[in-house]
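Next come the chains, spelled out residue by residue.
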Amino acid sequence: MTQGWKFTQKEAARSMLANYKLGIADSWVKALTELITNSHQNYHDMLDDPKFSISEKQKIIIVANAVDETFTVIDHGTGIAGTGKELEDLLMNYSAYIAKSHTPKGRSSFGRGMSDVLFRRKEYENRLIAIKDGNCIAAKANWTDEGPTFEDDDRITEKDIRSLLKEHGTAVTFHWDSNVESTDFPSKKAIIDSLTHYY
């Protein structure tokens, strides 16, 4: 597991926060659908990759923690990155066209949609963990004096990551604090009703 890395996304500073907020607005449903779409696309990429053998229907797991007021979207796809450098290559330039994150089956940039979710509020420290090609990564995503920053999260161990993701995959956790948002953290019924409407 690589440690000690850090990078700040780049774009015109004045417009950046506004763009992150516009990407998701005040909708936890939109935030979840961004991440679910990314996971779904990643499973399609796995089907085309001969190094993966898929014997069962792949799942996207959504954990809604009403106590912490967080959502976590988990997939066991290829993993977004296995090192800080690989994550930086994908996400350094917000909204840039990167061939790796745009495919004929994908509707948008993986990096931009996820960044919209992770950086839409300066109050939050969100998280991303992944395993790719046997390598683990744990990142905290929050606003620093430099801007929207991904940084090695040494509070999460490789054992923790492997326990959740097994051989490969990605888990993205974001906050939806009822004291910060214009809408409260949703009930189980509201989550099920809203997501079944979309999916």
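Preceding this paragraph is the structure being described.
Keep in mind the model is a prediction, meaning the values are calculated, not measured.

Caption draft 1: How the structure looks around the overall build of the chain. Counting secondary structure elements, the chain contains six helices and seven strands. If you list the helices and strands of the chain from N to C, you get β-α-α-β-β-α-α-β-β-β-α-β-α. The burial tally for the chain puts 48% of its 199 residues in the buried class. Restricting the contact set of the chain to residue pairs at least 6 apart, pairs at least 24 apart contribute 72%.

Caption draft 2: Geometry of the pattern of salt bridges. For the structure on display, the rule yields ten salt bridges. Here Glu158 makes a salt bridge to Arg162, at a shortest N to O gap of 2.9 Å. Linking Glu158 with Arg162, this pair stays in helix 5 (residues 158–165), spanning four residues, or about one helical turn. Between Lys189 and Asp193 there is a salt bridge whose closest N-O contact spans 2.5 Å. Taken together, the residues Lys189 and Asp193, both in helix 6 (residues 188–198) and four residues apart, mark about one turn of the helix. One continuous salt-bridge network, built from bridges that share partners, spans Arg120, Arg121 and Glu181.

Caption draft 3: Up close: helix 3 (residues 84–91). Considered for burial, the residues of helix 3 that qualify are Gly84, Leu87, Leu90 and Leu91. Projected onto a plane normal to the axis of helix 3, the buried residues spread over an arc of 125° and lie on a single side.

Rules and cut-offs
- Residues numbered from 1 in each chain as written.
- Predicted model: local features only at pLDDT ≥ 70, side-chain atom pairs only at ≥ 80, totals over all residues.
- Heavy atoms only, no water.
- Helix = DSSP H or I, 4+ residues; strand = E, 2+ residues; numbered from the N terminus.
- Buried < 20%, exposed > 50% of the residue type's maximum accessible area, 1.4 Å probe, protein only.
- Contact = heavy atoms within 4.5 Å.
- Salt bridge = Lys/Arg side-chain N within 4 Å of Asp/Glu carboxyl O.
- Arc of directions from axis to C-beta.

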